[in-house]
Amino acid sequence: CLYGRLTSRILKNKKMENPGNIKQQIVQKIKEASNVLVTVSANPSVDQLASTIGLTLLLNKLGKHGTAVFSGEIPSTIEFLEPEKTLEKDTNSLRDFIIALDKSKADKLRYKVEDKLVKIFITPYRTSLSDKDLEFSQGDFNVDVVIALGVKKREQLDKAIVAHGRILHDATVISINIDGDGDLGTMNWVDAQASSLSEMVVSLVELMQQADLLDGQMATAFLTGIVAETDRFSNAKTSSTTMSISSKLMAAGANQLLIADKLGGELEPPVAEVPRQQEQTSAQDVTAHNGTLSIEHPDMSTKTGSMPSDSVDEILLDEGGALIQN
C-alpha cells in the first residue's frame, strides 16, 4: 500500500543519513527540549548504565529536567558512581500531581516555600474548605524527548517504560547504538566505529561547543563506560578516537584510579606501534599506573652509539700499542 511504501522510504532515508547530520539533529533536539527521559534496555551493560548516568547529569547541568529510569537491579560494579542518586525505578516523577477544587469555592491561591515544604494556600470564597473538597489525580507525562541508549527494538526497553507506552507515543524518541539497525526511534543513530555508547555521548557534548560542560562526576561516568566496553583499552573496539576522548575525560577530572580499582586490574591504555629502530625500548619505559602514558627517552649520547664518559674506565695505550695500566 502507499502508506507502507512511504514508511519504508522514510526508514531507508533515515539509515542513509549522514552520521554528522544526525548528531547535529540530536544536539538541536536536546537544546529545544525541556523534559528529557533517558533509558536503557531491560538487561543493560555497564556502558549503558554509565552513559545514562553521565548524560542525565549533563542534561540537568544544561538546565533541562533530565530523568533516568531503570527498574532492574543495579550491578555492584558501578556503585562508586552513586547510581541511586541519578537512576529512578519508575516513571512517577514524569507526571504532574494535580489538586482540583471547584473554582466557585476558591477566591485566590498562593504558595510559600518554607525549608523543605511547599505550602499551598487556598483562600475560600464565602465558604469553608476541607480535604473533602479537594480531588487528587495524576497528570499526563511531561516528556519532550526520550533517549534510549543501547536499545534497538521496543521490546528491549526497560519494563518501566514499556508499561507506559504513551510516553513513546507523545515524545520524540532518539535511539543511540554502536551496532545493529535499530528502528525504535524517530531518530536512530548508529556508529559502528565507536567503542561505546559513552564515547558517542561525549562526541555529542563536543558538538555543543561548551567546554565547561563536563565535570569530574560526568567524566568519571563516561570513562567507566569506555573502560568497561573496551576491556580496559585492550580489545579491538579501542581506536585513536577512543584514546583522544578518554584523554579529554581525564583532563575534565575523571577518576581513572577509582575506575581501575572498581572494574578490576590496572588501567593500561594501548601503546602506539613502535617504529622499528625503537623496538629495543625497555618495557620499563611505559607506565600506566594512573591511566596516563609516559615514555622515557634515552640519552642523546646513547642514540649515537657512544656512552657517557663516566660510564666506563678510560683505556690508554702506549706507542707500541701496549695497555697502560691506571
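Residues numbered from 1 in each chain as written. Predicted model: local features only at pLDDT ≥ 70, side-chain atom pairs only at ≥ 80, totals over all residues. Heavy atoms only, no water.

Visitor: Looking at this structure, how should I read a nonpolar patch on the surface?
Guide: Where nonpolar side chains cluster on the molecular surface, the patch consists of F97, I99, L109, Y111, V113, V118, I120 and F136 and spans about 910 Å² of accessible area. Listing elements by their share of the nonpolar patch, those giving two or more residues are β4 (95–101), β5 (106–114) and β6 (117–124). Ranked by residue count, the leading element in the nonpolar patch is β5, at 3 residues. Structurally, L109 is set in strand β5. Using a relative accessible area of 58% as the deciding quantity, one classes L109 as exposed. (Patch = residues over 30% accessible without salt bridge, like charges linked within 9 Å, V, L, I, M, F, W, Y side chains within 5 Å. Areas by Shrake-Rupley, 256 points an atom, 1.4 Å probe, with all protein chains shown as cover. Salt bridge = Lys/Arg side-chain N within 4 Å of Asp/Glu carboxyl O. Helix = DSSP H or I, 4+ residues; strand = E, 2+ residues; numbered from the N terminus. Buried < 20%, exposed > 50% of the residue type's maximum accessible area, 1.4 Å probe, protein only.)

Visitor: Looking at this model, I keep getting lost on helix α6 (residues 197–207). Mind explaining?
Guide: Residues that lie three or four places apart on an α-helix share one face, since the helix turns once every 3.6 residues. For α6, the buried fraction is high: 9 of the 11 residues fall into the buried class. Residues L197, S198, E199, M200, V201, V202, S203, L204 and V205 constitute the buried set of α6. Directly after α6, the chain includes Q209, whose backbone phi takes a positive value near 55°.

Visitor: I keep staring at the nonpolar core and nothing clicks. Help me out?
Guide: Counting 54 residues, the largest nonpolar core has I26, L55, I147, L149, I176, L223 and L249 as the members making the most contacts within it. Beyond its immediate stretch of four places on either side in the chain, L223 contacts F233, S246, L249, M250, A254, Q256 and I259. Judged by nonpolar contacts, the second largest core, of 16 residues, contains L37, L94, V143 and L157. (Core = buried A, V, L, I, M, F, W, Y, C linked by side-chain atoms within 4.5 Å. Contact = heavy atoms within 4.5 Å.)

Visitor: Looking at this model, I keep getting lost on the sheet that holds strand β1 (residues 35–39). Mind explaining?
Guide: Either a parallel or an antiparallel arrangement is found when strands of a sheet pair, and the pairing is made through backbone hydrogen bonds. Overall, parallel pairing links the 6 strands, which are arranged β3-β2-β1-β8-β9-β10 in an open sheet. A single partner strand is all that each edge strand has here, and the edge strands are β3 (87–88) and β10 (187–190). Where strand β2 (residues 65–69) lies against β3, 2 bridges are found, and the strand directions are parallel. Paired with A68 across the two strands is L87, which belongs to β3. Set on the sheet, α6 makes contact with β8 (145–149), β9 (172–177) and β10; between it and β9 the angle comes to about 125°. (Pairing = 2+ DSSP bridges. Axes fitted to C-alpha atoms, helices over the stretch in contact; angles between N-to-C directions.)

Visitor: Even after reading the chapter, I still don't get the packing of aromatic side chains, so can you show me in this structure?
Guide: For any two aromatic rings, the description comes down to two numbers: the centre-to-centre distance and the angle of the planes. Tallied over the full model, the rule gives 1 aromatic pair. The cationic tip of R95 hangs over the ring face of F141; the distance from NZ or CZ to the ring centre is 4.6 Å. It is R110 that lies over the ring of F121; its NZ or CZ is 4.3 Å from the centre. (Phe/Tyr/Trp six-rings, centres within 6.5 Å; stacked < 30°, edge-to-face > 60°. Lys NZ or Arg CZ within 6 Å of the ring centre and 35° of its normal.)

Visitor: What is the right way to read the pairing of β1 from this model?
Guide: On a regular strand, each side chain points to the face opposite its neighbour's, so the side chains alternate between the two faces of the sheet. The buried count for β1 comes to 5 of 5 residues, which makes it a mostly enclosed element. Residues N35, L37 and T39 of β1 are buried on one face, and the alternating residues V36 and V38, pointing to the opposite face, are buried as well. Judged from the 5 bridges that link them, β1 and β2 form a sheet pairing that is parallel. Across the sheet, the residue bridging to L37 is T67, located in β2. Taken together, β1, helix α3 (residues 46–61) and β2 constitute a β-α-β crossover, and its handedness is right-handed. Judged from the 4 bridges that link them, β1 and β8 form a sheet pairing that is parallel. Each residue of the ladder has a partner; that of T39, found in β8, is A148. (Right-handed = clockwise from strand over helix to strand, strands pointing away.)

Visitor: In this structure, what is going on with the pattern of salt bridges? I would like to understand it.
Guide: Scanning the model with the defined rule gives 10 salt bridges in all. Residue K119 is joined to E114 by a salt bridge in which the shortest nitrogen-to-oxygen separation is 2.9 Å. For R166, the salt bridge identified is with D170, shortest N-O distance 3.0 Å. Within this pair, R166 and its partner D170 are both found in helix α5 (residues 165–170), separated by 4 residues, close to a single helical turn. Judged by relative accessible area, which is 52%, R166 ranks as exposed.

Visitor: Is there a simple way to think about α3 in this case?
Guide: With 16 residues, α3 should cover 22 Å at 1.5 Å per step; its first-to-last C-alpha distance of 23 Å lies within 8% of that length. Most of α3 is tucked away, with 14 of its 16 residues classed as buried. After α3 finishes, the residue G63 shows a positive phi value of roughly 90°. (Expected span 1.5 Å × (residues − 1).)

Visitor: Where do I start with the packing of α6 against helix α7 (residues 216–229) in this structure?
Guide: Two packed helices can be described by the angle between their axes and the distance between those axes. Where α6 contacts α7, the axes come no closer than 7 Å and their chain directions differ by 140°. The orientation of α6 with respect to α7, classified from their angle, is oblique. Contact with α6, carried on its side by S198, E199, V201 and V202, involves A221, F222, G225 and I226 of α7 and no other residues of that element. Residues of the contact of α6 with α7, tallied by class, amount to 5 nonpolar, 2 polar and 1 charged. (Parallel < 35°, antiparallel > 145°, perpendicular 65-115°, else oblique. Nonpolar A, V, L, I, M, F, W, Y, C, P; charged D, E, K, R; others polar.)

Function-wise, these values are silent; they only describe arrangement.
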